[in-house]
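# Structural features, examined
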Amino acid sequence: MLKIIKVEARLFVRDRLNSLFAVLFPTLLLLVLGAVPALRTPAEEFGGLRFIDSYLSSLVVFTLGFIGLQRVPTVVATYREKGVLRRLSTTPMHPARLLAGQMVVNFVAAILSVLLTVVVAHLVFGVDLPHHPLGLAGAVVLGGAGTFALGLVIAALAPNARAAGGWATAVFMLLMFFGGVYLPRFMLPPAIQAIGSYAPPGVEALQQAWLGTAPDWRHLAIMGLVGLVAGTVAARTFRWE
Amino acid sequence: MAIIAVRDLGKRYGRKVAVDSVSFEVAEGEIFGVLGPNGAGKTTTVECVSGLRRPDRGSVTVLGRPPAEVRSAIGVQLQSSELPERMRVREALSLFSSFYPAPVDWSERLGLSAHLGVEFGRLSGGLKQRLSIALALAGSPRVAILDELTTGLDPQARRDTWSVIEDVRSAGVTVLLVTHFMEEAERLCDRVAVFRDGRIAALDTPSGLVSRVDGATRVRFVPSAPVDLAALRALPDVTDVTTAGQQIVVSGSEDLLHAVTSLLARRQVVARGLRVDQVSLDDAYVELTGGSGAEDH
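Per an unreviewed UniProt entry, chain B is named ABC-2 type transport system ATP-binding protein, and its organism is Lentzea xinjiangensis. What UniProt states about chain B under its Subcellular location (unreviewed entry) heading is, verbatim, "Cell membrane".

The name that an unreviewed UniProt entry assigns to chain A is Transport permease protein, with the source organism given as Lentzea xinjiangensis. Checking UniProt for chain A, the heading Sequence similarities (unreviewed entry) contains the comment "Belongs to the ABC-2 integral membrane protein family."

## Things to note about the overall build of chain B
When helices and strands are tallied, chain B shows 9 helices and 13 strands. Viewed in the frame of its principal axes, chain B has a C-alpha envelope of about 75 × 45 × 35 Å. Across the 297 residues of chain B, 40% fall into the buried class. Within chain B, counting contacts between residues at least 6 apart in sequence, those at least 24 apart form 70% of the total.

## A closer look at the pairing of strand β1 (residues 2-13) of chain B
All names here are of chain B. Sheet analysis places β1 next to strand β2 (residues 16-27), joined by 8 bridges and oriented antiparallel. Residue leucine 9 lies in a different strand from β2, and its bridge partner there is valine 22. Taking the residues between adjacent antiparallel strands as the criterion, β1 and β2 are bridged by 2 residues, where glycine 14 takes a positive phi near 65°. Here β1 pairs with strand β4 (residues 57-62) via 5 bridges, running antiparallel.

## With respect to the interface of chain B and chain A
If you look at the interface, chain B gives 20 residues, while chain A gives 16 residues. When residues in the side of chain B that touches chain A are grouped by element, the largest group, 3 residues, is from helix α2 (residues 89-97) of chain B.

## Remarks on unusual backbone geometry
Residue Pro201(A) is bonded to the preceding Pro200(A) through a cis peptide linkage, with omega at 0°. In this structure, Pro201(A) sits in the loop between α8 (190-198) and α9 (203-211). Of note in the backbone geometry, Ser140(B) takes a positive phi value of approximately 40° without being a glycine. For Ser140(B), the location among the structural elements is in the loop between α3 (125-137) and β6 (143-147). The backbone of Glu148(B) sits at a positive phi, close to 50°, despite the residue not being glycine. Secondary-structure assignment places Glu148(B) in the loop between β6 and α4 (155-170). With 21 C-beta atoms packed within 10 Å, Glu148(B) lands in the buried category.

## Let's talk about the sheet that holds β4(B)
All names here are of chain B. Overall, antiparallel pairing links the 3 strands, which are arranged β2-β1-β4 in an open sheet. The open sheet has two free edges, formed respectively by β2 and β4, since each of these has just one partner strand. Within this sheet the neighbouring strands show an average axis-to-axis angle of 20°, counted without direction. Sitting on the sheet, helix α1 (residues 42-50) touches β1, β2 and β4, and the angle it makes with β1 is about 125°.

## Here we look at the nonpolar core
Membership of the largest hydrophobic core comes to 136 residues, with the highest contact counts inside it found for Leu152(A), Ala92(B), Ala134(B), Val175(B), Leu176(B) and Leu177(B). At 16 residues, helix α3 (residues 51-81) of chain A tops the list of elements feeding residues into this core. With sequence-adjacent residues up to four places away left out, Ala92(B) is seen in contact with Leu83(B), Met87(B), Phe120(B), Leu131(B) and Leu135(B). In this structure, Leu232(B), Val238(B), Val260(B) and Leu264(B) belong to the second largest nonpolar core, which totals 10 residues.

Calculation notes
- For every chain, the first residue of the written sequence is number 1, and numbering continues from 1 along that sequence.
- Each chain takes a letter, starting from A, and each ligand takes a number, starting from 1, following the order in which they are written.
- For this predicted model, a pLDDT threshold of at least 70 governs which residues receive local features, and a threshold of 80 or more governs which side-chain atom pairs are given and counted, while totals over whole chains, interfaces and linings are taken from all residues.
- UniProt positions are given in the numbering used here, feature names are shortened, and annotations may be inferred rather than shown by experiment.
- Elements are defined by DSSP. Helices are runs of H or I of four residues or more, strands are runs of E of two residues or more, and each kind is numbered from the N terminus.
- Residues with at least 20 other C-beta atoms within 10 Å of their own are called buried, those with 12 or fewer are called exposed, and the rest are partly exposed. The C-beta atoms themselves are positioned from the backbone.
- By the criterion used throughout, residues are in contact when their C-beta atoms, derived from the backbone, lie within 7 Å.
- In this description, strands pair whenever DSSP reports at least two bridges between them.
- Note on geometry: axes are C-alpha line fits, over the in-contact stretch for helices, and angles between N-to-C directions span 0 to 180 degrees.
- Here, a nonpolar core denotes buried Ala, Val, Leu, Ile, Met, Phe, Trp, Tyr and Cys residues that are linked to one another through C-beta atoms within 7 Å.

Encoded structure:
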């Protein structure tokens, strides 16, 4: 299993454009936005915070969404389409382990990306370190699990890698919208904001854990539930060839 | 004892019967060929032997056990299965080696040593095939199942691959070889099963299959003067006489040539452009599989 993770990690890193984008883009975006003075000034709309403070959770949403919905479904569907999973079925190793290795590597990449954002936000813009680190960890893990599981459902149900990519992109766009990546959340109508709180990767829980007091357990529970249900559907419907 | 035993195998996909009551046994150390047109049930049969599919009917055993229980003793090279684009040859070899208790490195013998750092997506078709064989053999299997391994290779690469298969056999590995090249089957296989419509139409040595064909020898010539076809037909070794333009084609058994030339000599007819053809496995195959249109590559 360790060997598989090692190989998958190498493949991840070798796919430079995607891996760098997944890990570095949120932090770069933070740096660019933070370079605009107006976005560094506390304002009413953000509850007395700066724009960049209120946008932190959306950056994490982007990370989890990009990895869980842009990378996971395409890689998994491609493995199936190219017969990689079928090939492994003939060896003593079950192909599920390859998928597990894939998940581990992508998850580690997501965590690295979030850590990088936390550190840069703190050092460059003086953003507080997460107020509730355990809550943030929980929100990242559960929100990530929910998002990854959705990605796996898409990989399971899509007829081929191209379709998987297309479907996943549609879901990705939608979740990014709810997660306040395109438009800051304060500009969204309350109903949309509410959906965003419950839709993976769970922008509200992330924000609360970082700069509020603690994430709402109901938000976390919903993420966990989405992960569980989607994960089960994916496992039940997955085709190995 | 048979290392592979297939008894009364049946498999259907929905309403389509892919394989119907197929039985055969492969002895240890044998190279066993599986021939037949596309859709004849070759691949399904081989997939059942690899443990990739569960038979609907009948039984398949490898080393006396169900294939899924002896995966580490079976090395499989699948038709059209790839590896991740960016995985390097070295990584693929070491990954697959890690699945087995007693891995063997075939990269040297397969001429992969110079390409260890190359990514799968950049390998030529021939090298991909060779890697695929190396991975099938990585676990030092007792049985190697090779599905259309030389399809898409140029003639030189094909011959190189054949000598690899001979090496594999001399290493004591039993080989189940799916192919649609008769030359390949003739050169490599000890015995061949010809599939047709989900059943085995014939199972024999390559030369045994050839000898089943009536009129295994053909003599063609253009006579210098008209010849009485009835006299030719009356010769004991002749089974058939046909004409194609001026050319006369006489089919029959092995001693045909002598009989025909003596007859012509007696009548003082010279046979121009004389040619003798031996029926090949190709012809036997076409006859056994019902010929026309059955095969579409």
